[in-house]
Amino acid sequence: MQYPLNLSFKLLTFGQRIVASDADGNVLMFIKQKMFKLKEKVEIYNDEKQSQLIFRIEADRMLDFSANYSFTDAEGNPWGSVRRKGMRSLWAAHYQVMQEGQVDMEIREESPMKKVLESILGEIPILGLAAVYLLNPSYIVSRPDGTPLLKLTKKPALFEGKFVLEKLNDMPEDDELRSLMALLMLVLLERRRG
C-alpha cells in the first residue's frame, strides 16, 4: 500500500460509507456499514461500485460497550478481531487487535486530554462547533511491547470526516490489513466525537 492512506466519509448521509484511498488517490476499499442492525455489521468492497466483497466485520453481541468485532474474508475465513477495552476507553480510546485469540496490536488515543476538552467545550454553543473542528484526535497502532506501527490522525473538515493513516514502521501485509480493518471499526465507533 502506498502511504499515507486517506479515509473519508460524509457526515450527513443515510448509513456510513467510508472510502479508503492510497497516496496516489487510488481507491483501495469502500466500506459500508449496515443500518438498523441489532449487531454491528460492516462490509468492505474493492471499489465504490461494490464490485467484489473482500472482508466483513461483525460484532459478537448486540450494542455492548466491550463487543468483539470479528474480521472474515469473502469466503468466511477468520482474519482476527478487534475489541474495545470497556472502562479504559472512557478516558481515552483503547482497542486490542487480536489474531488467533492473542493480542497482536493495540490502538490507543494519543492525547486523551483532547477528548476531555472536546467534551467540556462541546456543550457551549458555537464554541463547541469550533472545538469539534479544531481538536482532532490521533490514534497510534503499536505492538504489545510498545513499538509504534501506524498513526491515524483526524483532519479538520466540516461536512465530512477525513483521516490520514501514516506508516511508522515495517510490518507484514496481513498485519497491515488487520490493523486497517481495526482502524475502520474505530472510526465508525468513535465518529460521534466529530
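Residues numbered from 1 in each chain as written. Predicted model: local features only at pLDDT ≥ 70, side-chain atom pairs only at ≥ 80, totals over all residues. Heavy atoms only, no water.

A UniProt comment under Sequence similarities (unreviewed entry) is attached to the protein, and it reads "Belongs to the LOR family." (UniProt positions renumbered as here; feature names shortened; annotations may be inferred.)

This part is about the side chain of Gln33. Residue position: Gln33 is located in strand β3 (residues 27-33). For Gln33, a relative accessible area of 5% gives the class buried. At 2.3 Å, the side chain of Gln33 and the side chain of Glu40 are in polar contact. (Helix = DSSP H or I, 4+ residues; strand = E, 2+ residues; numbered from the N terminus. Buried < 20%, exposed > 50% of the residue type's maximum accessible area, 1.4 Å probe, protein only. Polar contact = N/O pair within 3.5 Å; in protein donor to acceptor, adjacent residues only side chain to side chain.)

Taking strand neighbours around the barrel as the criterion, the twelve strands line up as β1-β2-β3-β4-β5-β6-β7-β8-β9-β10-β11-β12 in a closed arrangement whose pairing is antiparallel. Averaged over all neighbouring strand pairs, the angle between strand axes comes to 20 degrees, with direction disregarded. Pairing analysis gives three bridges linking strand β1 (residues 5-10) to strand β2 (residues 17-21), with the strands arranged antiparallel. Considered in β2, the bridge of Asn6 is made with Ser21. (Pairing = 2+ DSSP bridges. Axes fitted to C-alpha atoms, helices over the stretch in contact; angles between N-to-C directions.)

Taken residue by residue, a regular strand's side chains alternate between the two faces of the sheet. In terms of residue burial, strand β8 (residues 94-99) counts as a mostly covered element, since five of its six residues are buried. Two strands pair when backbone bridges link them, and strand β7 (residues 78-84) and β8 are joined in this way by four bridges, in the antiparallel orientation. Within the sheet, the bridge partner assigned to Ser81 lies in β8 and is Met98. The sheet contact formed by β8 and strand β9 (residues 102-109) spans six bridges and is antiparallel. Bridge pairing in β9 places Val97 opposite Met105. Between β8 and β9, which pair antiparallel one after the other, the connecting turn spans two residues, and Glu100 there sits at a positive phi close to 55 degrees.

The next point concerns the packing of aromatic side chains. A full pass over the atoms with the stated rule returns two aromatic pairs. Where Phe9 meets Phe163, the ring centres are 6.4 Å apart and the plane angle is 15 degrees; that geometry is what we call stacked. Of the two residues, Phe9 sits in strand β1 while Phe163 sits in strand β12 (residues 160-167), which places them 154 residues apart along the sequence. For the pair Phe9 and Phe163, one class covers both residues: buried. Where Phe55 meets Trp79, the ring centres are 5.0 Å apart and the plane angle is 75 degrees; that geometry is what we call edge-to-face. Of the two residues, Phe55 is situated in strand β5 (residues 53-59) and Trp79 in strand β7; the sequence distance between them amounts to 24 residues. Side by side, Phe55 and Trp79 carry an identical accessibility label, which is buried. (Phe/Tyr/Trp six-rings, centres within 6.5 Å; stacked < 30°, edge-to-face > 60°.)

What follows concerns the nonpolar core. Residues Leu7, Ile44, Ile107 and Leu152 are the most contacted members of the largest nonpolar core, which totals 42 residues. Per-element accounting of this core gives the leading share, eleven residues, to helix α4 (residues 173-190). What Ile107 contacts, discounting residues up to four positions off in sequence, is Ala93, His94, Tyr95, Val97, Tyr139, Ile140, Val141, Ala182, Leu183 and Leu186. (Core = buried A, V, L, I, M, F, W, Y, C linked by side-chain atoms within 4.5 Å. Contact = heavy atoms within 4.5 Å.)

Where side chains of opposite charge bring their charged atoms close, a pairing between them can arise. The tally for this structure, following the rule as stated, stands at eight salt bridges. With its nearest N and O atoms 3.4 Å apart, the salt bridge here joins Glu110 to Lys151. In this pair, Glu110 sits in the loop between β9 and α2 (112-121) while Lys151 sits in strand β11 (residues 148-155), placing the two residues 41 residues apart along the sequence. According to the relative accessible area criterion, Lys151 is partly exposed, its value standing at 23%. In the salt-bridge network here, residues are joined through shared partners; they are Asp104, Arg143, Asp175 and Arg178. (Salt bridge = Lys/Arg side-chain N within 4 Å of Asp/Glu carboxyl O.)

So, on to the pairing of β12. As judged from the six bridges shared by β1 and β12, these two strands associate in the antiparallel manner. Looking at β12, one finds that Phe9 is bridged to Gly161.

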